[in-house]
Each structure stands twice: as structure tokens, then as C-alpha cells.
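Survey of secondary and tertiary structure
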Amino acid sequence: MNTARTKPEISLKLKIWEYFLFFTAVVFLLLWFFQIVFLENFYEGMKITDVKRAAIDIIYAYGKEENYSNMLTETTLKNDMCIEVSDKYNRTLYSKDALGKTCLIHGPNSRKSEFIETLKASGKTAVYYKEYNSTISSNTLILVSYIGSPSNPNGYLIINTPLVPIGSTASIIKRQLITITFFLIVIGITIAFFMSRRISEPITRITKSAEQLVAGHYDIKFEGQGYLEIQQLASTLTYASQEISRVDSMQKDLIANVSHDIRTPLTMLKAYAEMIRDISGNNPKKRNEHLDIIIEETDRLALLVNDILDLSKLEAGKQNLNYSEFSITELMKDIIARYDGISKKSGYNIHFTSDSDRTVKCDIIKIQQVIYNLINNAINYTGEDKAVYVRQINKPKSIRIEVSDTGPGITQEDINLIFDKYYRSENHKREVVGTGLGLSIVKAILKKHSYDFGISSVIGQGSTFWFEITDIVRTKEKRYTKKEK
Ligand code: ADP
């Protein structure tokens, strides 16, 4: 089948995969970026805090701690630094070193005096600053402090430590990150794979069912377990397929009914035409009788075709309502008067009662058709007494028109169906002129006007068909537009 489906570039499965991988990539980029950019800053801040804390401890313990030398050694090793504690004459008392050659305060190139000068020049109790050390190609930190008061110091403390992660801390973190990245990518791909499968599976299933539907299997049930949206889609599609099935069978019925209804008069036409040709051609009385039947059948055919046309136009929304103001009682009387002929001929009796006249505003031709169809049905189905009752009842906001008969009545089950096209209850009389479309036309017209309508019926006693015109013109003047013939 050549449907106008546009071919999507990428399947849902792949799309979900794509998004998931993109998300994973972003997470990793962020992780790596923060690690690399901030690790050093973070390390630096930590180092400065450590050095300051060590300095406070060393100054505090000076002259109090028995194992002062040991304490200094421990601090030096723990914090990767070199320390110099000197007396007030700047003579070295303790010199501890965990850095070796890179230490700036020991050895032949010691810059001890320079740092102490910097401290003195600053006028502060302690100073610390960063300096680039080309030997280790990174920044190093120098802290210089008085021991005791700056005006009369007991001695000096100098601490020097590099500001890059020593040892393998940073590289361990990086290596871990690589491992984590690898595992997460594998996990991500696996999750994305299963997730996309879980999401796309029900859709694929529904598509398969839809293909079955296209092939004409209307009883197909759409299954969409998995999640809410797909469940909703599945039930909507199941409902749609039921509706398609209903419409399809109605259409088949319609075609069968129309063909049947057309074939019957056609058979008659042919039979009587042949009869005139072969038998009654020269017998004017018989011939006219046969011609009358031909005319009657032709009328019936025309009626059917007109009904089908009317209904299809109404249902396609192609017929617009032609609103005009007219007197409802006058219209009713006018319609009923046209049944005089049939009343006299066949003994039918149409009783009309009405409340005071009212002017209404609606499509007179169409409302007329509604009343005709209802009276025709009532005549066709009324009981032995051949009585039909038509009433106009004025209500505060509407005018109710009722058409009652004394016929067999309609079961509740049938009431729900007889407004459908071509529906005929079991006990309908075929000799009665009717196309099975009358009530569908009534329904279509009243719906178009947005008027309420309905049936009340008692089996064995008769039925009442009613509708209510709500477009009432509030004026004393009453006009009546006579229907053109
Ligand atoms: P038609 O009368 O041409 O068959 P309608 O659409 O007018 O088609 O009516 C549909 C069916 O409703 C009829 O075949 C009949 O079974 C039922 N029906 C309509 N009017 C009456 C009525 N007044 N009393 C009993 N049954 C009715």
C-alpha cells in the first residue's frame, strides 16, 4: 500500500541512544574539566591552610615542648616541607627538610636572610607568598613569621613547601577517572540499549497491529503495555478500529439496502413496461393502470434518490440552514391540510391541537421535512383506528412539537437505533412507502438546528416522536412564509 509516510531519518531506538550517549558525554566532560581545572586550585588552598596550621603549632610549642625537634621532623614529613627555626639573632636552631635540593631555605643557595628581610619590611607578625620555582617548574609557598612579638622577637620561623601535588595523588585521581569513565560508558551504553528497546518495543507492536488493521482486520486489539502514553495510544487505536469496523459494516448495509431498494422498483418498472408492450398496449384501461404503477414506482425511486442526496449533503455539512421567521401554527395547519387527500381515501385521521401561535426562526423547508417525515411514519405505523395526533405545546423557552400514533410502539433497544441510517425494526411494513432514511434525515436536521428531540413509546399502545424549537421570536407580529412548491 502506498501511504504518504515520510521516512524518518533515525529510529526512536537510535535517537534515545544518541541522547543518552550525549548526556553521558556531557557528564564526563564536566567531570574532567572540574578535575583538571580545579584540582590544582583546590590543592593549593588546602596546602596553604596546612602550612598556616603547622606554623601556629610550631610557634606555640616553641620553648614549651620537650621533644620539639621530633615534633618538627614529624610536621615536616607529614606536610612535605622544609622548616627553619632560628633565634633572634637569626642563628639556626632547628633545620628540618623533606624536600632536599628544591628547598629554598637550606643549602648553599639559602634565601633565609632575604625572607626575614621581607617579613621585617612588611611590618606584620607573619607573611606568606607564592613564588615560581623553576627547579620544580611550579609554584612554591614561603611562610615567614616572628616567634614572639615583632618588636622583641624570640626567633623566626620559615616554612617552604611546593604548591603542586607531590607523589601520585593527581595521577591516581586521573587514572581512576579513566577507569570510571570506561565503566560508565559501558554501563551507559547497556542502559541506553535496554531502555530504547523497552520504549520502542510497544510502538513496534502497535505498528504491526495497525498494519493488520490496514489489511482489513478490524477486530485487532492494540496492546501497549509499558507506559501510560503508549497505553493511551493503544486504547485510542482499539477504539478507532472498533469505530472503523462499525462504519464499515454500516456502509456495507447501506449499499445492500440501497441496491435492494433500487432493484425492487426497477424490477417492477421493467415488468410493467414489458406488460404494456406485450399485453396491455392496445387496452387503454389496463395500459393506464400499468402506466400508473410505473409512475408510482418512478416516484418511489426519485424519493429514495432525493433522500440519499439530502442526507449525504446534510451529513457532509454542505447544506447551510436558511433561517426565516414564520408562524409555527400556520405551518403545522398547512402541512396537515395536505394529508386531506390520503385521509379521505384511506380513512386516516390526523388530529391537531395547538397552544397559541408563535413566531419561530429556523429553516422552514427543513423543519417542514421533519414534520412530514414524522407524520408519514405515524400514518405508516399507527394502529387500527388510523389515528395520528399532532400537538404544538408552548413551553417557556421552546415550542414542543409532538407526533403520536396508536401503533405497536418501539422497544427501548430499537429507540436507540432507529435514527441510524437504514435501520428498520423487525416489524416494519414494507408496503409502506419509506426509504429507511426518514429518521436519519430528521436527526440530521434537528442536530443542525441544535434542537432536542426524542421518542417516548409504550409497547402495544403507540409512540410519540417529539422535538423542541428553541428559536422563538419575541414579537406580537406573526408572519408566515408559505413554502414554495
Ligand atoms: P422508514 O420508515 O422509511 O423505514 P425511518 O428512518 O423513517 O425509515 O424509520 C426507521 C424505522 O423506525 C422504521 O423502519 C420503523 O421500524 C421505525 N419507526 C419509525 N417510526 C415509527 C413509528 N411511528 N412507530 C413504530 N416504529 C417506527
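Report on the accompanying structure. All of these numbers come straight from a predicted model, not from anything done at the bench. (Residues numbered from 1 in each chain as written. Predicted model: local features only at pLDDT ≥ 70, side-chain atom pairs only at ≥ 80, totals over all residues. Heavy atoms only, no water.)

Further remarks concern the sheet that holds strand 10 (residues 399-405). With mixed pairing, the five strands of this open sheet are ordered in space as 7-9-10-12-11. The sheet is open, and its two borders are formed by strand 7 (349-354) and strand 11 (453-458), each paired with just one other strand. With direction set aside, neighbouring strand axes in the sheet form an average angle of 15°. Relative to strand 12 (residues 462-469), strand 11 runs antiparallel, the two being bridged by six bridges. By the bridge assignment for strand 12, Ser-457 is matched with Ser-463. Docked against the sheet, helix 7 (residues 328-337) engages strand 7, strand 9 (387-394), strand 10 and strand 12, running at close to 175° with respect to strand 7. (Pairing = 2+ DSSP bridges. Helix = DSSP H or I, 4+ residues; strand = E, 2+ residues; numbered from the N terminus. Axes fitted to C-alpha atoms, helices over the stretch in contact; angles between N-to-C directions. Contact = heavy atoms within 4.5 Å.)

For the rest of this paragraph, the subject is the nonpolar core. Judged by nonpolar contacts, the single largest core of 44 residues is most densely connected at Ile-328, Ile-367, Ile-375 and Phe-467. Of all the secondary structure elements, the ones that give two or more residues to this core are helix 6 (284-315), helix 7, strand 8 (359-363), helix 9 (364-381), strand 9, strand 10, helix 11 (438-449) and strand 12. In terms of residues, this core owes the most to one element, helix 9, which gives nine residues. Each residue touching Ile-375, except ones within four places of it in the same chain, is listed here: Ile-335, Ile-336, Tyr-339, Ile-350, Val-390 and Val-403. (Core = buried A, V, L, I, M, F, W, Y, C linked by side-chain atoms within 4.5 Å. Buried < 20%, exposed > 50% of the residue type's maximum accessible area, 1.4 Å probe, protein only.)

We now examine the state of the cysteines. Enumeration according to the criterion identifies one disulfide in this entry. The partner cysteine of Cys-82 in its disulfide is Cys-103, sulfur to sulfur 2.1 Å. Linking Cys-82 and Cys-103, the disulfide has an S-S dihedral of approximately 90° and is accordingly described as right-handed. One end of the pair, Cys-82, is in strand 1 (residues 82-87); the other, Cys-103, is in the loop between strand 2 (92-97) and helix 3 (112-122), and 21 residues separate them in sequence. For the residue pair Cys-82 and Cys-103, the accessibility class agrees, reading buried in each case. (Disulfide = S-S within 2.5 Å.)

With respect to the helices and strands, the residue Ser-280 is situated in the loop between helix 5 (228-278) and helix 6. There is a polar contact of 3.0 Å between the side chain of Ser-280 and the side chain of His-290. With sequence-adjacent residues up to four places away left out, Ser-280 is seen in contact with Met-275, Lys-286, Arg-287 and His-290. (Polar contact = N/O pair within 3.5 Å; in protein donor to acceptor, adjacent residues only side chain to side chain.)

Before going further, it helps to spend a moment on the packing of aromatic side chains. If you walk through the whole model with that rule in mind, you get nine aromatic pairs. With 5.6 Å between their ring centres and 45° between their planes, Tyr-146 and Tyr-156 make a pair best called tilted. Of the two residues, Tyr-146 is situated in strand 4 (residues 138-148) and Tyr-156 in strand 5 (residues 153-162); the sequence distance between them amounts to ten residues. The two residues Tyr-146 and Tyr-156 agree in class, both being buried. Sitting over the face of the ring of Tyr-60, Lys-64 holds its NZ or CZ atom 3.8 Å from the ring centroid. Above the plane of the ring of Trp-466 lies Arg-400, whose end atom (NZ or CZ) is 4.3 Å from the centre. (Phe/Tyr/Trp six-rings, centres within 6.5 Å; stacked < 30°, edge-to-face > 60°. Lys NZ or Arg CZ within 6 Å of the ring centre and 35° of its normal.)

Bringing unusual backbone geometry into the picture now. A positive phi angle is found at Asn-90, which is not glycine, with a value near 65°. Within the secondary structure layout, Asn-90 lies in the loop between strand 1 and strand 2. The phi dihedral of Ser-450 falls on the positive side, at around 60°, and the residue is not glycine. Position of Ser-450 among the secondary structure elements: in the loop between helix 11 and strand 11.

Turning our attention to a nonpolar patch on the surface. A cluster of nonpolar side chains, Phe-22, Val-26, Leu-30, Phe-33, Phe-34, Ile-36, Val-37 and Phe-38, forms an exposed patch at the surface whose accessible area comes to about 750 Å². Inspection of the secondary structure puts Leu-30 in helix 1 (residues 12-61). Owing to a relative accessible area of 46%, Leu-30 belongs among the partly exposed residues under this scheme. (Patch = residues over 30% accessible without salt bridge, like charges linked within 9 Å, V, L, I, M, F, W, Y side chains within 5 Å. Areas by Shrake-Rupley, 256 points an atom, 1.4 Å probe, with all protein chains shown as cover. Salt bridge = Lys/Arg side-chain N within 4 Å of Asp/Glu carboxyl O.)

The next thing to look at is the pairing of strand 9. Residues in a regular strand point their side chains to alternate faces of the sheet. In the sheet, strand 7 pairs with strand 9 via six bridges, with the strands oriented parallel. Residue Ser-354 lies in a different strand from strand 9, and its bridge partner there is Gln-392. Sheet topology note: the strand 9/strand 10 ladder contains seven bridges and is antiparallel. Bridge assignment links Val-390 to a residue of strand 10, and that residue is Val-403. Where strand 9 folds back on strand 10, the antiparallel hairpin that results is connected by four residues.

What follows deals with the pattern of salt bridges. Under the definition given, this model contains 16 salt bridges. The partner of Glu-18 in a salt bridge is Lys-15, and the shortest N-O contact between them spans 3.4 Å. Here the residue Glu-18 and the residue Lys-15 both occupy positions in helix 1, the gap between them amounting to three residues, near one helical turn. With a relative accessible area of 27%, Lys-15 lands in the partly exposed category. A salt bridge links Lys-285 to Glu-289; the shortest N-O distance between them is 3.9 Å. Of this pair, Lys-285 and Glu-289 both sit in helix 6, four residues apart, which is roughly one turn of that helix.

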